[in-house]
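Listed below are the residues making up each chain.
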Amino acid sequence: MKYLLRNGRIVSSAGWYEADLLIEGEKIVQLGERLSARDAQVIDAAGKYLFPGFVDTHTHFDLDAGDFHTADDFASGTRAALAGGTTSVLDFTTQEKGESLKQALDRWHRMAGGKACCDYGFHMSITDWNPAVRLELKDMARLGVTSYKLYMAYGNLMVNDREILEILEAVEEENGIVGVHCENPGIIQGITAKLKRGEKNSPRLHPRSRPAEAEAEAIHRLLVLARLAGAPVNIVHLSSLLGLREVRRSRKEGQQVFAETCPQYLVLDDSLYERPGFAGAAYVCAPPLRKREDVKALWEAVSRGELDMVGTDHCSFHMDSQKTRGISDFTRIPGGVPGVEHRPALFYHFGVNSGRTGVEEMCRLLSERPARIFGMYPKKGVLAPGSDADVVVWDPAAEWTIRAASQVQNVDYTPYEGMELKGRAEKVFLRGRLAAENGRICQETKGRYLSRGGRGL
Ligand code: DUC
Ligand code: ZN
């Protein structure tokens with residue numbers, strides 16, 4: 001199939017210019033003025049932005065949360081991704097205690113294979129570090145996994161400082177990158193124990209149990225360890241001004257630090273936990289939503305080009321049947337919010353429309369930078385001849401409202417319910433196939449595993 005997209009605004013991290021874009025089969029073959037292709041289907045893209053397909057650096061599909069799995073599996077999660085303009089996702093494979101990395105990777109391949117509708121790759125969460133696992137890092141690279149995740153908090157997923165140091169050194173030797181969930185577990189446990197002595201049934205206790213100081217302390221410690229290891233590191237879901245200050249300080253001293261934030265930290269704030277009854281459970285995630293001043297600080301970081309990516313940490317649980325696990329104990333509310341479907345539109349509306357940033361930064365944060373850092377560039381992350389024809393035709397004038405009732409993701413609510421947005425993905429091409437139009441899937445597509453190369457810049 002051939003498509004000729006006429007007079008679109010071709011966006012990159014450097015800006016945009018007007019041109020035609022020709023897709024042949026799975027690839028972009030040409031960009032230029034007044035292109036012609038006799039047998040191509042012509043699409044008028046005048047006044048529309050053409051973005052390289054968006055990459056979500058942070059999803060948890062089909063995640064085992066103990067009593068149940070997340071509401072979205074790879075089928076519904078990746079369909080939702082496509083509906084919003086995201087053509088590639090990087091999900092988190094998690095090693096169980098006693099398991100090899102290869103076994104964990106195989107499990108995730110079984111979950112995603114044949115189900116995923118957009119392209120997908122895996123980060124590997126190491127939870128059981130030992131000499132045999134060290135030896136596996138080379139195999140992982142051969143199998144296309146070059147990025148890792150560590151938890152400084154979170155029960156039995158946690159690794160200690162010594163392990164973090166060793167893993168940072170080992171992954172750097174393999175030219176990979178480590179992303180870290182930064183929260184201090186001692187602070188969280190201490191405050192939680194105190195809070196649980198009183199009324200423990202309200203979601204409003206959740207943010208109090210995980211203060212920004214817990215994030216900042218962990219980021220500080222991680223950056224000390226990364227400096228000692230001589231390794232770059234990625235701070236995932238950065239949520240607070242205190243944490244951002246730690247990133248700034250270490251960069252000033254010459255350290256290479258990547259930072260990801262998420263739409264929930266850019267658009268929502270902790271006043272939502274005060275909603276009556278159990279309603280605040282909809283927003284329970286870790287780290288929690290922060291204060292207005294944190295939201296403002298993160299947007300300032302966006303406008304100064306200080307962040308590297310905006311991923312979602314999409315981890316969806318139904319309000320009715322899953323979040324309710326914590327109805328009488330806030331610590332049992334499964335943590336996570338959905339976002340994979342709405343991230344591009346939220347970023348466009350609250351970032352670009354509001355004048356906080358521009359389309360070039362949107363392209364950098366949602367597509368190009370993730371593709372580079374995670375070894376997928378220039379196959380992904382850029383509109384150029386030879387790149388995969390993952391193309392988002394973005395209508396900057398479309399006005400619409402986010403509603404759970406009409407969303408594609410398979411969860412019974414959205415934290416963004418009722419938000420009126422301007423701008424949306426009008427057409428979404430996945431490797432040359434038109435997969436979605438105006439928020440709906442229009443053709444079933446098969447996602448392909450992204451075997452990734454080493455870290456780029
Ligand atoms: N935070 C969440 O809220 N859910 C899944 C994992 C995470 O880091
Ligand atoms: Zn996560």
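To be clear, the structure that these remarks concern was listed above.
Cut-offs applied
- Residues numbered from 1 in each chain as written.
- Chains lettered and ligands numbered in written order.
- Predicted model: local features only at pLDDT ≥ 70, side-chain atom pairs only at ≥ 80, totals over all residues.
- Heavy atoms only, no water.
- Helix = DSSP H or I, 4+ residues; strand = E, 2+ residues; numbered from the N terminus.
- Expected span 1.5 Å × (residues − 1).
- Bend = angle between axes of the 7 residues up to and from the residue.
- Buried < 20%, exposed > 50% of the residue type's maximum accessible area, 1.4 Å probe, protein only.
- Near = heavy atom within 4 Å.
- Polar contact = N/O pair within 3.5 Å; in protein donor to acceptor, adjacent residues only side chain to side chain.
- Areas by Shrake-Rupley, 256 points an atom, 1.4 Å probe, with all protein chains shown as cover.
- Nonpolar A, V, L, I, M, F, W, Y, C, P; charged D, E, K, R; others polar.
- Phe/Tyr/Trp six-rings, centres within 6.5 Å; stacked < 30°, edge-to-face > 60°.
- Lys NZ or Arg CZ within 6 Å of the ring centre and 35° of its normal.
- Pairing = 2+ DSSP bridges.
- Contact = heavy atoms within 4.5 Å.
- Axes fitted to C-alpha atoms, helices over the stretch in contact; angles between N-to-C directions.
- Salt bridge = Lys/Arg side-chain N within 4 Å of Asp/Glu carboxyl O.
- Arc of directions from axis to C-beta.

1. Topic: helix 12 (residues 359-373)
Piece 1. Taking 1.5 Å as the rise per residue, helix 12 with 15 residues should run 21 Å; its terminal C-alpha atoms sit 20 Å apart, in good agreement.
Piece 2. The sharpest bend along helix 12 measures roughly 45 degrees and falls at L365.
Piece 3. Within helix 12, 13 of the 15 residues are buried, which leaves the element mostly enclosed by the surrounding structure.
Piece 4. Trailing helix 12 by a residue or two, G375 shows a phi angle of about 70 degrees, which is positive.

2. What about the site of ligand 1?
Piece 1. Near ligand 1, the surroundings consist of H60, Y154, H181, H237, C285, A286, D313, C315, G335 and G336.
Piece 2. In this structure, a nitrogen atom belonging to ligand 1 sits 3.3 Å away from a side-chain N or O atom of D313.
Piece 3. Starting from 240 Å² of accessible surface for ligand 1 in isolation, the protein chains cover 96%.
Piece 4. Across the shell around ligand 1, the residue classes tally to four nonpolar, five polar and one charged.

3. Some remarks on the packing of aromatic side chains
Piece 1. In this structure the tally under the stated criterion is 16 aromatic pairs.
Piece 2. Judged by centre distance (5.9 Å) and plane angle (85 degrees), the ring pair of W16 and Y49 falls under edge-to-face. With W16 in strand 2 (residues 15-24) and Y49 in strand 5 (residues 49-52), this pair connects stretches of sequence that are 33 residues apart.
Piece 3. By relative accessible area, which is 40% here, W16 ends up partly exposed.
Piece 4. Residue classification places Y49 among the buried residues on the basis of a relative accessible area of 11%.
Piece 5. In textbook terms, an aromatic cluster arises when at least three aromatic residues are bridged by ring pairs, as seen for W16, Y49, F51, F54, Y348 and W394.
Piece 6. Across from the ring centre of Y49, 5.1 Å away, lies the NZ or CZ of R9, which sits over that ring.

4. Quick look at the sheet that holds strand 7 (residues 86-94)
Backbone hydrogen bonds are what pair the strands of a sheet, in a parallel or an antiparallel way.
Piece 1. Here we have eight strands laid out as an open sheet, ordered 6-7-8-9-10-11-12-13, and parallel in their pairing. For this open sheet the edge positions go to strand 6 (54-59) and strand 13 (309-310), each flanked by a neighbour on one side alone.
Piece 2. Strand contacts of helix 11 (residues 343-353): strand 6, strand 7 and strand 13, with the helix running at about 110 degrees to strand 6, the strand carrying the most contacts.

5. Re the pattern of salt bridges
Piece 1. Tallied over the full model, the rule gives 46 salt bridges.
Piece 2. Among the salt bridges present, the one from R332 reaches D67, with a minimum N-O distance of 3.9 Å. On the criterion of sequence distance, the pair formed by R332 in the loop between strand 13 and helix 11 and D67 in the loop between strand 6 and helix 1 (74-84) is long-range, its members being 265 residues apart.
Piece 3. For R332, a relative accessible area of 39% gives the class partly exposed.
Piece 4. Residue classification places D67 among the exposed positions, given a relative accessible area of 53%.
Piece 5. In this structure, the salt-bridge partner of E174 is K138, at a minimum N-O distance of 3.1 Å. Here K138 lies in helix 3 (residues 131-142) and E174 lies in the loop between helix 4 (161-173) and strand 10 (177-181), a separation of 36 residues in the sequence.
Piece 6. The exposure class assigned to K138 is partly exposed, which follows from its relative accessible area of 47%.
Piece 7. One network of salt bridges, with partners in common, ties together E26, K27, D119, K379, K380, D388, D390, R431 and R448.

6. Overview of helix 2 (residues 101-112)
Piece 1. The end-to-end C-alpha separation of helix 2 is 17 Å, in line with the 16 Å expected for twelve residues at 1.5 Å each.
Piece 2. When helix 2 is considered as a whole, its buried residues turn out to be L101, A104, L105, W108, M111 and A112. Across the axial projection of helix 2, the buried residues extend over an arc of 120 degrees, all falling on one side.
Piece 3. Buried residues belonging to helix 2 abut helix 1, strand 7, strand 8 (119-125), helix 3 and strand 9 (147-151).
Piece 4. A positive backbone phi angle near 80 degrees is found at G114, which sits one or two residues after helix 2.

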